[in-house]
Amino acid sequence: MPGIPVLMPRARSHTAGTPVRRAASARFAPAAAPVIAIDGPSASGKGTIAQGVAQALGYHYLDSGALYRLVALAAMSATTSLDDEAALAACARSLQASFENGEIFLRGERVTDAIRSEDCGKGASRVAALPEVRAALLARQRGFRAPPGLVADGRDMGTVVFPDALLKVFLTASAEARADRRYKQLKEKGIDANIHTLLRELRERDERDSARRTAPLQKAADARELDSTGLSIAEVVYQVLEWHRQITAKVAGSNR
Ligand code: DC
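What counts, and where the lines are drawn
Residues numbered from 1 in each chain as written. Predicted model: local features only at pLDDT ≥ 70, side-chain atom pairs only at ≥ 80, totals over all residues. Heavy atoms only, no water. Helix = DSSP H or I, 4+ residues; strand = E, 2+ residues; numbered from the N terminus. Buried < 20%, exposed > 50% of the residue type's maximum accessible area, 1.4 Å probe, protein only. Lys, Arg positive; Asp, Glu negative; His and termini not counted. Salt bridge = Lys/Arg side-chain N within 4 Å of Asp/Glu carboxyl O. Polar contact = N/O pair within 3.5 Å; in protein donor to acceptor, adjacent residues only side chain to side chain. Contact = heavy atoms within 4.5 Å. Near = heavy atom within 4 Å. Areas by Shrake-Rupley, 256 points an atom, 1.4 Å probe, with all protein chains shown as cover. Nonpolar A, V, L, I, M, F, W, Y, C, P; charged D, E, K, R; others polar.

A. Looking closely at the side chain of Lys46. Inspection of the secondary structure assignment puts Lys46 in helix α1 (residues 46-57). Buried charge without a salt bridge: Lys46, with Asp153 as the nearest opposite-charge side chain at an N-O distance of 5.0 Å. At 3.3 Å, the side chain of Lys46 and the backbone oxygen of Gly40 are in polar contact.

In structure tokens form, the structure reads like this:
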């Protein structure tokens, strides 16, 4: 996917669980800071869209998938079995992760690219199916909520982590369009890929993320569905910002 051709103010900087930048505005108590939840399947463009929306609004950004990828990476490098739920939950609780200027660190080591590997993605999908791991990451994710607001992307942002989100978006795209996007991303990075394998792996991951018992990938009843197949990044960001504008105007109107 190309860059986002919309006006972008500044990049945000975070430490997992402890957003380091707090806006001067104290209009919202942290717990009440508005949240835009963007959920959807793998490679639906959630991260790109969520970051674009966060930058346009000057909001904080939470990439919740990165937390599951970090747990998988930490576990794999400690040779912890990806079936050992108690050990993985302990790993999630003690995760020393930080997010700074778009870079991700694990115990101080830069792992921004390492966590995007297919191995880490598969590992993340396995650890994310474990209820104790999900419970261990819950408070950490909610800790990102701070004024002036948060854009959070994942699978259960609108259903479990931020059920009171101001705006919930369920971002989809056909499996073929998602595989094609991933294929182009990998090619751009000079990584060899096979479109048929990518499509099969995407479908397998969709199946695993949707079929699991705890916090499965599903559209919240009050989420707005947005199919990005055939839309540009700018068009999708615009639609989310437009929904946010409409809701904010309605809330302001009813408070008058
Ligand atoms: O969005 P992603 O591909 O980086 O997510 C990695 C894995 O983590 C994916 O298989 C689904 C899982 N995940 C999840 O279960 N819940 C979230 N909120 C975010 C990601």
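B. Structural detail: the pattern of salt bridges. In total, this model carries 17 salt bridges according to the counting rule given. A salt bridge links Asp156 to Arg134; its shortest N-O distance comes to 2.9 Å. Linking Asp156 in the loop between β8 (150-154) and α6 (157-161) with Arg134 in helix α5 (residues 131-142), this pair joins segments that are 22 residues apart in sequence. Both residues of the pair, Asp156 and Arg134, belong to the buried class. Here the residues in one salt-bridge network are Glu103, Arg110 and Asp113, joined through shared partners.

C. Expanded view of the side chain of Arg212. One can find Arg212 in the loop between α8 (195-211) and β10 (224-227). Polar side-chain contacts of Arg212 include one of 2.9 Å to the backbone oxygen of Thr214. A distance of 2.7 Å separates a polar side-chain atom of Arg212 from the backbone oxygen of Ala215. Those residues in contact with Arg212, other than ones at most four positions away along the chain, are Ala128, Ala129, Arg134, Arg155 and Leu217.

D. Structural view of the site of the ligand. Close to the ligand lie 17 residues; Arg69, Arg134, Arg155, Asp156 and Arg212 are nearest. In the model, a nitrogen atom of the ligand is placed 2.8 Å from a nitrogen or oxygen of the Asp156 side chain. Here Asp209 contributes a side-chain N or O atom positioned 3.3 Å from an oxygen atom of the ligand. Isolated, the ligand exposes 450 Å² of accessible area, and the fraction of that covered by the protein chains is 97%. Broken down by secondary-structure element, the contributors of at least two residues to the shell around the ligand are α2 (64-77), α4 (118-127) and α8. With four residues, α2 is the single largest residue contributor to the shell around the ligand. For the shell around the ligand, the per-class residue count stands at four nonpolar, four polar and nine charged.

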